[in-house]
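# Commentary on secondary and tertiary structure
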Amino acid sequence: MSRAACLEDLPDELLLKIFVALGKLPPVCDETEAALYERRLPFRTFDSPGEQHPGLRAYPFLGQVCKRWRQLLQKDSSQEVLWESLVIDFGHELVTSVHTPVAWTNSRPSDEEFRAAFAATRLDAARMAEFVRLRRRCIRSLCLMHSEGYWAEEGEFVNLQTKHNFSLAHLGLILGYLADKLEELRLIACNDFFGMGSPLGVLATLGNLRTLVIDDCHCRLYREPVAELGRLTSLEWLSLCAQERNGVFVFGIDSIPDTWKQLSRLQVLELRGNALVEQLPAWMPTAMPHLKLLDVSHCHRLDLAASLAGFSQLETLALQGLGLYETGSVPPEVTAASAAGAPPRRMKQLPDLAHMAASLSALNLSENLLGAVPAQLSQLPRLQQIDLSNNGYLKMPSPASSLLALQQLSWVDLRGIHSEQQSTFWSPAKCATMESVASLARSLRRRRRPRGGAAKASAGARGSGRVGVGSAVLTGLVVLGTVAYLLGRSKQGEPSVLDPFPAKTLVSLPQFQGGHAERLLWGTYRPGLYFGMRMRRPQSPLLGLMWVDPGRADPLNLIRHEAQQRDGLKQYGWLEHDGESFGVQQLRDEKYNITIAWAKRWCEEGCSSAGDIGITIGVSPWDAASHRAERALFEAQHAEHGTGAAQQQQAGEPEDYEGGQEEDYEVEELSDADAAELGVETTSQQRSRARKGPRPGTAISLFLYVANEDGSPLRFDPRGAAAALAAGAAGGGGAAGPATGHPAPVIGGTAEPVGDWSLFLGRRSSSSSSSDDEGGAGAGDAAATDDAPLSVHYLAVQTPHYHNLTDLVRGALYHSLYRQHLAGSRAYQLVLPNTAQPGANLAVLQITASRLPVRLDLALLAGVVAGQHLSTHSAAGARLAAVTGPQLEQLLAGRSNQFVPRFEETFGRMDSSHLPPGTLAVAKAALSNMLGGMGYWFGHSLVRVPGSKGQPSSVQPLWDAPLFSAVPSRSFFPRGFMWDEGFHQLLIRRWSPSTSREILAHWLDLMTAPGWIAREQILGAEARSRVPDEFVIQSPSAANPPTFFLLLSAMSERVAAAARQGAWDDATRADADFLRAAWPRLKGWYLWFNTTQAGPVPGSYRWRGREADSDKDLNPKTLTSGLDDYPRASHPSGEERHVDLRCWMARASRALATIGANLGMPDSEVSPFAATAALLEDFELLNRLHLDPTTGQYRDWGNHTEGVELRKPVMVMRNGRQQPYGEKRRVVHEAPRQQFVPHFGYVSLFPLLMHLMPADSPVLKQQLDLLRDPDHLWTEFGLRSLSKSSSLYNQYNTEHDPPYWRGPIWININYLAVQALHHYASARGPYSQQAAALHQQLRWNLLRNLVWQYSRTGYIWEQYDDVTGAGKGSHPFTGWSALLVLMAAEQ
């Protein structure tokens, strides 16, 4: 008899009991996880399960197995039993809806079937709401989970926000159905609900609610909605807890509202991770007399002693992750780290808990800084459970008497105590701790040992959950929980990748102090924003700008702040920027033309050494007709050079490129009945009202904000801001103050090293700005003769987080709309709520102009304190006038007049007939965007450290450190990339050698003790917020091309020339001092490469990091090489030899030999590098290892076959038909063999690019011929990355990964080719004329296309199409693509 038939025969009552029991089972998991679900503790531990099982909703496939199940679902008598508790897990709903199609019935779908079905499945919110409506009389408990996404088994986050249309309106509808019955509500990982506006006001209407849990959140909850929860007077359990992301809580309330006094029935209060709460009100113990459990874990600012003083009735207290130490016993390791200059820890003294002695039975002190078992525990005789896990400094040299004195103690967690990272073997102190732990375990087991005939009772106690599991935790953790100390060391004495390189930091060199540091203190060092400024300090005031068009259909989702490609701006970038004292940026966004310009001014008296800063922001309507006229003129200039519209049409793009397009958002219509029940407008009513607002592009809201990273409070005067803008309009401009005419600061604060600082704000009148340059406030609107009034709204809050300010502003706007709704408004205004928290360290000013143009001036002055009014006759008043209004225009003009001659002096005049027309403007923009894209970050990298002795790997942080660096792309890669940075510095050094040296110093200071530098630097929350979690963690075995040696070898040659000629100047001496100080780090870096990336035979090298077992990649990627999907051996193995890495190492070896010799280093140190350089420059050896004699091409060597393809798996249907399904997988048709890898492309050029071929060798002639062959790499737009004859030319590497280095043209490699051709053209040899001709042709082709594409699209691109020349990939990409400047200058 089948299982289905068995189920069919069961009586209804038994069948119901079976299914109800199934619904209470924990998820399917391994034994370790199952133990966590079975364990019942009164508090959460660090490994507590983070989710609630979806119960019956996880078993919908039973409806396909058993008809009776479907019948039972329809019976009214079953509803009360089955659906009293309902969990809607959006992830489970999607997964189980994929599992349930009848075609699969009992069989589990294959992975390919599952992926295909999952991609085609979408949850319908209306069906969910209907499901709840039909069961509204039964449901008493509701849990909604993972609406934003979930973590899959493979560790990958699955984003679900595009897989359902569930919104805040649907939540309100469901809660409306359940308003009279619901007693328990849980919202877990539903942060998108809060992004739509706060649901707390709706929750407060659920009068019968006894349990409310909001967990796993990472968004802010504001005071007014939180205060509404005080209306839930029946509440017994309240949990408002945060999600921890990379060790930082990003959610919180800031205080306990007085309205919570009404929660007199509350028994459980969990406030985990509310890091902004400073103190629990004194009225809480009295107002909440029944409170038994209090969890304030990770509430880092909470004053524990004052907050806990009145609580004497608590039975459970959780104080996890608060940095607690016991009085007089700060761990010496913490003291030593502080003395060594480590960042200060958040530390608190463990409060006295003696007043809880009569009631406290469970205490969680996990993840603190305890150095010993607290002695005061012996004063808590009722304690039964204690969690001391992950107190890494906690030592137990003898059995803990304070624990043994507790007669009722039955459960102790001591995992992760006494961590050591000094040696492979336990120290004597560690052994003593482990012996004490074992002794304690034996003592507790003796307490549990059954006496006489009580064995059966004892067995029952072990099965009850707490004591038995607790004993297992205690005894088992001696083995499982104390191996973390081994991380970072594989053998005793080897340097740890977690430690910095043992040498003096380079950024501390005198050449980077004094005037150099002062000139570069302030700058546009937040490259991931459209406009942001900060100081080069770990904690700095942050200045930024956001804007939104209030006339757009969905303005809250169109806030501009972070530079993002999805915003679809027609153009943005710096037109001029000198890297230290001024910049002019133009942005074209839909209907706007925005110009932002800034300049520093140094003065002899009264100024800060960092100077005063003036900023002007102008917004005008975008003039499309003028743009088309400019475009027509440019096309006419290019017509004679054979570029223009024909090339553009080849690209298959519209004739007038307008950047990205706005997405169309699908809006679900609300019915009249649902709208009436929710108390909101229908969609049609909303659209009708929206049409009454401003037309798109006719008005703008600007959000100016300032934040103090150190958390110190700001001085904020929003009324002064409104008065300043009004006075500016009336008086004709400048950063005016109140109407009295006495300027006053709008926002101020204090920061090192500038002391007091103040930000002034003013408005230019249209008459004063009408003559400004293009993009200024007066451009393009002759009809605007009168200044439109500006409305000012504001928000000031206290927050420790600055990476999610867009969400914070969006949330505040939602909150303001919610308040307007509560007030009965039907004409909503998109404005901030005009609220200011005491001690706020973030201030946001919203300035809305109802008519364009508009222009604002900002001035940032140091040395001006709060309340100081500036008269125009005072010294400070003169400083203010000098960086605002007409004098700011003069200052900007002066800086621009200095920039152009300096550019021509550095790179030569670019108006020659030998260059394409427009080259000068594009070159200036490329350099300016490189300099304007320099950023400053502070934080630590996360690395995956291999485990020792069979233990799994773990993720560990490196030390906190600064980084000053350029970036590849402000929109897509706004952080440091090592191999990109070497190319960046080729350009930056030409402009500012001192700046380039300091950037190199920052990068080399990030070196770990073994000599490794992380190839991608993701430091700080702002940088990390732009990177998917799966890419944050770095591997300490992963290399990247050592491009810094391109620059370092040139520096050493300059030093050598100065020494030979005796012609030293300041710059050359600074180079020599830098190289001498950097010598230990350069040696360490080189030796790490030479040992970890060595190849199978002498003189060969191999990139690590290829995935040998990947079945998704057509050709497994080599990300470490920088060339990602460039084809290598089809089957990765240890026998591979990579020609590009060998050439990089040849360049690095010669550079170190040259540097050491020029600096006069001992021969014993220099000769090994010279010998290695000679070996790697041996032309015959190079040819034996990598030159394919049959084709004359340089190639990799490895285990390879051409018989591979991507193909979808095939299933055989019942009728015999073969049906492809799922995702494409790699299929191998023939066995691989050791051979030269038959692909010709950029890798093949490296012996030429690194100048490793003799100028008179016939092989050089052969390579030049191959280079010029249009069937291989040559195009009229530059050198393509892979030969057209390659089997992988322009082939996808997976079903979804388009070709990246398999055809497109990349500027960095083309620059090296132009440079190499120039080298061989200058060398004496039979092929110099051929090299010279190729040099001129390639240079012209590249420049002509780069200039044309910039004029057409407004951007410099990451790569260019090898057939049409069109820009591709990320944009703007003014990293190595900015090397067009050096190509134009023939440098």
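No experiment lies behind these values; they were computed from the predicted model shown. (Residues numbered from 1 in each chain as written. Predicted model: local features only at pLDDT ≥ 70, side-chain atom pairs only at ≥ 80, totals over all residues. Heavy atoms only, no water.)

Turning our attention to the overall build of the chain. For the chain, the helix and strand inventory stands at 44 helices and 51 strands. Expressed as a percentage of the 1387 residues in the chain, the buried residues total 57%. Considering only intrachain contacts with a sequence separation of at least 6, the fraction spanning at least 24 residues in the chain is 73%. Accessible surface for the chain amounts to roughly 55100 Å². Of this, 51% is attributable to carbon and sulfur atoms. (Helix = DSSP H or I, 4+ residues; strand = E, 2+ residues; numbered from the N terminus. Buried < 20%, exposed > 50% of the residue type's maximum accessible area, 1.4 Å probe, protein only. Contact = heavy atoms within 4.5 Å. Areas by Shrake-Rupley, 256 points an atom, 1.4 Å probe, with all protein chains shown as cover.)

Turning our eyes to something else, we now look at the packing of helix α9 (residues 125-134) against helix α10 (residues 168-177). Contact pair α9 / α10: the axes reach a minimum separation of 9 Å and the direction vectors enclose 10°. One finds that α9 runs roughly parallel with respect to α10. Where α9 approaches α10, its residues A125, A129, V132 and R133 are matched on the opposing element by H170, L173, I174 and Y177. For the contact of α9 with α10, the class distribution of residues is six nonpolar, one polar and one charged. (Axes fitted to C-alpha atoms, helices over the stretch in contact; angles between N-to-C directions. Parallel < 35°, antiparallel > 145°, perpendicular 65-115°, else oblique. Nonpolar A, V, L, I, M, F, W, Y, C, P; charged D, E, K, R; others polar.)

Read across the open sheet, the three strands follow the order β35-β34-β39; overall the sheet is mixed. The sheet is open, and its two edges are formed by β35 (954-957) and β39 (1033-1034), each paired on a single side. Relative to β39, strand β34 (residues 942-945) is paired through two bridges, and the arrangement is parallel. Looking at the pairing, L942 lines up with I1033 of β39. (Pairing = 2+ DSSP bridges.)

Another aspect to go through is the side chain of T211. With respect to the secondary-structure elements, T211 resides in strand β6 (residues 211-217). Judged by relative accessible area, T211 falls into the buried class, the value being 13%. Not counting chain neighbours up to four residues away, the residues in contact with T211 comprise E183, E184, L185, R186, L235 and W237.

Our next topic: the confidence of the model for the chain. Close inspection of predicted coordinates is inappropriate for parts of the model with low pLDDT. Confidence in the prediction of the chain, expressed as mean pLDDT, is 81, and 79% of residues score 70 or more. Per-element mean pLDDT across the chain ranges from 30 in helix α20 (residues 467-480) up to 97 in strand β48 (residues 1274-1275). Contacts from residues 60-65, a stretch scored under 50 in pLDDT, to residues over four places away or in other chains number 13 contacts. Below a pLDDT of 50 lies the segment residues 686-692, which in the model reaches seven contacts outside its immediate sequence neighbourhood of four places, other chains included. (pLDDT = per-residue confidence, 0-100.)

Counted under the stated rule, the structure contains 35 aromatic pairs. For the pair F972 and F973, a centre-to-centre distance of 5.0 Å together with 80° between the ring planes defines the contact as edge-to-face. Exposure remark for F972: the relative accessible area of 47% places this residue in the partly exposed category. For F973, a relative accessible area of 16% puts it in the buried group. Measuring from ring centre to ring centre gives 5.4 Å for W1088 and F1089, while their planes differ by 85°; the resulting arrangement is edge-to-face. (Phe/Tyr/Trp six-rings, centres within 6.5 Å; stacked < 30°, edge-to-face > 60°.)

With that out of the way, let us pick up the pattern of salt bridges. The tally for this structure, following the rule as stated, stands at 43 salt bridges. A salt bridge links D413 to R415, with the shortest nitrogen-to-oxygen separation between them at 2.7 Å. Close ionic contact of D1362 with R1280 constitutes a salt bridge, the shortest N to O distance being 2.8 Å. Residue D1362 is located in the loop between β50 (1359-1360) and β51 (1367-1368), and its partner R1280 is located in the loop between β49 (1278-1279) and α42 (1307-1322); the two are separated by 82 residues in the primary sequence. Residue classification places R1280 among the buried positions, given a relative accessible area of 4%. By sharing partners, the salt bridges in this structure join R764, R855, D857 and E889 into a single network. (Salt bridge = Lys/Arg side-chain N within 4 Å of Asp/Glu carboxyl O.)

Enumeration according to the criterion identifies 15 cavities of 30 Å³ or more in this entry. For the largest cavity, the calculated volume is near 80 Å³. Considering the residues around the largest cavity, the lining is formed by 14 residues, among which Y572, G573, N929, Y1350 and G1354 are closest to the centre. Residue assignment for the lining of the largest cavity shows that the elements contributing at least two residues are β21 (571-577) and α31 (919-932). Here the lining of the largest cavity takes five residues from β21, the largest share from any one element. Taken together, the residues of the lining of the largest cavity sort by class into eight nonpolar, six polar and no charged. (1 Å grid on protein atoms, 1.4 Å probe; cavity = no way out; pocket = protein on both sides within 12 Å on 5 of 7 lines; lining within 4 Å. Points joined across faces, edges and corners; volume = space filled by probe spheres on them.)

A few words on the packing of helix α32 (residues 978-991) against helix α35 (residues 1044-1061). Closest axis-to-axis distance for the α32/α35 pair is 7 Å, and the angle between their directions is 35°. Of the residues in α35, those touching α32 at M978, E981, G982, F983, Q985, L986 and R989 are F1044, L1046, L1047, M1051 and R1054. Residues that form the contact of α32 with α35 fall into these classes: seven nonpolar, two polar and three charged.

Comment: phi is negative for the bulk of residues other than glycine, and the bulk of peptide bonds are trans. Between L852 and the following residue, P853, the backbone shows a cis peptide bond with an omega angle of 10°. Turning to its location among the elements, P853 is positioned in the loop between β31 (842-849) and β32 (854-862). The residue after H1371, namely P1372, is reached through a cis peptide bond having omega -5°. Position of P1372 among the secondary structure elements: in the loop between β51 and α44 (1380-1384). Here the phi dihedral of A189 falls at roughly 55°; this positive angle occurs in a residue that is not glycine. Relative to the helices and strands, A189 resides in the loop between β5 (184-188) and α11 (191-195).

Let us look at the pairing of strand β1 (residues 85-89). Within β1, four of the five residues are buried, which leaves it mostly tucked inside the rest of the structure. Bridge count for β1 against strand β2 (residues 141-145) is five bridges, and the pairing is parallel. Note that in β2 the partner of V87 across the bridge is C143.

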